[in-house]
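Observations on chain architecture
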Amino acid sequence: MRTRDDFATFLDEVSADLRGSGAAEWENGTLERFLDAFAAVAGACTVDPPGQVQERPSWALFAELVRAATYYE
């Protein structure tokens, strides 16, 4: 993921997943729970792959935070 357009496409896919069959698999399927998890993930800096620079913002890091917030407890 390198560009803002890549990130926008990723967000469209995440949204479609939530509206589709993925909703049952999401740990945080409401906006409130998702945002709580997003804040927790961002604060914990738990992203993959390990060793990724976590203090330098990038579209890939933002995407990983969104992905992690869907299942973070």
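Residues numbered from 1 in each chain as written. Predicted model: local features only at pLDDT ≥ 70, side-chain atom pairs only at ≥ 80, totals over all residues. Heavy atoms only, no water.

Quick look at helix α1 (residues 4-19)
In this model, α1 (16 residues) spans 23 Å end to end at C-alpha, consistent with the 22 Å of a helix rising 1.5 Å per residue. Burial in α1 covers these residues: F7, F10 and V14. Looking straight down α1, one finds that the buried residues subtend no more than 60° of arc, so they occupy a single side. Opposite the buried face of α1, by more than 90 degrees, sit the exposed residues D5, D12 and R19. Buried residues belonging to α1 abut α3 (59-69). (Helix = DSSP H or I, 4+ residues; strand = E, 2+ residues; numbered from the N terminus. Expected span 1.5 Å × (residues − 1). Buried < 20%, exposed > 50% of the residue type's maximum accessible area, 1.4 Å probe, protein only. Arc of directions from axis to C-beta. Contact = heavy atoms within 4.5 Å.)

Observations concerning the packing of helix α2 (residues 31-44) against α3
Relative to each other, α2 and α3 sit at 125°, their axes nearing to 8 Å. When the axis of α2 is compared with that of α3, the two are oblique. Crossing geometry of α2 relative to α3 is assigned as right-handed. Contact residues: F34, A37, F38, V41 and A42 in α2; L65, V66, A68 and A69 in α3. Across the contact of α2 with α3, the residue classes break down as 9 nonpolar, no polar and no charged. (Axes fitted to C-alpha atoms, helices over the stretch in contact; angles between N-to-C directions. Parallel < 35°, antiparallel > 145°, perpendicular 65-115°, else oblique. Left-handed = near helix turned anticlockwise from the far one by under 90°. Nonpolar A, V, L, I, M, F, W, Y, C, P; charged D, E, K, R; others polar.)

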